[in-house]
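# Commentary on secondary and tertiary structure
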Amino acid sequence: MYKFFSLTNPSDYKFLLISYRILTSFSYALWYYFYQPYLKQIGLSVEVVGLAASLFALLFVLSSLPLGWLSDNIGRRRALLILTFFTFIITFALSIKELPLVAVILLLISLSFFFSGIVTISRALAAEVFKMKAPGIGVYYAAVSTASILGPAAGGLVVNSYSYSHLFLFSSIILLLSLLPLSCIKEHSIKINRGEKSMFRSIVLLVSDRNLRIYILGWMIYTIGTEMVVGILPLYAATIIGMDPLTLGFMFSVANIAALVGYVLGGFASDLIGRGKVIALSLLLNVLILFSLSMAKDPYAFLALWALASMIFLMHEAPETSYVAEKSPEDLRGSAMGLLGTSTGLVSWISPGISAVLWISLGPVAIFSVMIIVSAFGLLLIIKSVWSYK
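Computed from a predicted model, the values in this text were never measured in an experiment.

It is worth spelling out the packing of helix 10 (residues 210–230) against helix 16 (residues 333–347) at this point. As a packed pair, helix 10 and helix 16 sit with axes 8 Å apart at the nearest point and diverge in direction by 30°. Classed by the angle they form, the pair helix 10 and helix 16 counts as roughly parallel. Relative to helix 16, helix 10 is oriented so that their crossing is right-handed. Within the contact between the two elements, helix 10 uses Tyr215, Ile216, Trp219, Met220, Thr223 and Ile224 and helix 16 uses Leu339, Leu340, Ser343, Thr344 and Val347. Considered class by class, the residues forming the contact of helix 10 with helix 16 number 8 nonpolar, 3 polar and no charged.

Another point: the pattern of salt bridges. Under the defined criterion, the tally for this structure stands at 7 salt bridges. The residue Glu326 makes a salt bridge to Arg275 at a minimum N-O spacing of 3.4 Å. Within this pair, whereas Glu326 is found in helix 15 (residues 317–327), its partner Arg275 is found in helix 13 (residues 275–292), the two being separated by 51 residues in sequence. Relative accessible area serves as the criterion here: at 38%, Glu326 is assigned to the partly exposed category. Judged by relative accessible area, which is 14%, Arg275 ranks as buried. Through salt bridges with shared partners, a single network forms among Asp72, Arg76, Glu128 and Arg333.

Cut-off values and rules
- Residues numbered from 1 in each chain as written.
- Predicted model: local features only at pLDDT ≥ 70, side-chain atom pairs only at ≥ 80, totals over all residues.
- Heavy atoms only, no water.
- Axes fitted to C-alpha atoms, helices over the stretch in contact; angles between N-to-C directions.
- Helix = DSSP H or I, 4+ residues; strand = E, 2+ residues; numbered from the N terminus.
- Parallel < 35°, antiparallel > 145°, perpendicular 65-115°, else oblique.
- Left-handed = near helix turned anticlockwise from the far one by under 90°.
- Contact = heavy atoms within 4.5 Å.
- Nonpolar A, V, L, I, M, F, W, Y, C, P; charged D, E, K, R; others polar.
- Salt bridge = Lys/Arg side-chain N within 4 Å of Asp/Glu carboxyl O.
- Buried < 20%, exposed > 50% of the residue type's maximum accessible area, 1.4 Å probe, protein only.

Here's what the structure looks like:
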């Protein structure tokens, strides 16, 4: 069994990495859920706010691959130091009052670029620091997610007590603090590409591995299916189930807490039955639970099922990080994490449109039936690529 006492051993850099990601995750969550109301408050129309949000999400997805590739060429630590420093500068700039509206929009959108890199590169670094051990990676994800849960509540208190400017100011201070543990992490054991492979060449080398290629393709299909339900979940819960706003908010809070359990359980389960089986079973059960949501009639039954789906789904995260890292060459792990994130993120944009068409033409319940069919094709590919992986 993997010993977690080593988390407090700075020579292994586990504690330092967890500390860094707790701070950066909290800093991001502090303002993320408030930037749209902030843009509305400073005079932007709802249409412009929506456009800015779309650009924010799109850039977050698109930047995952190139920034992961960057870390393969200059090193994880150096890439994270650069990205975190620029994120600090931009977040601090947003705390300045009376900035031009265009400047505010551009600064906010640019934050998605830098934070996407922090998430992607940290994922590759976590696999390396924890030596591909799924239990340790699970604890890492749980710790980071805890900060994400606490951040919005703290952000609300800051806005109510002070202002949006203070929100970005406090966020920038936390980012500055995060540079301290990050600067103590060394990467002497990590091979660096140093520009020997272009991003296109890196992608070609990654997908030349048959199992990894099948896995990424399977995930793309699986994502299209599951996001058809996840994307319309709040609307379905409110209009079909009759869930009131208070219960709806409580549902997502409970689901976030359940997700913490899923991260840790997935890591430990990987030691018991193998990482590949945990990934496959997690994704299979997730689809079945998502489908069962269509049968729920009571708001609290719906809430319980969604919380269970969140826990079961995120059991795959730690073993998947280990799997992708081990299947990738050491100097391409950042690119591998970025390729998976960008490919699944892009196809997820298709799902809401499919859901809307199905809702209008066949009714909302039809979305769940189509979801399980589409997801099954992706799931079969995923199982084929990971089932025997220990």
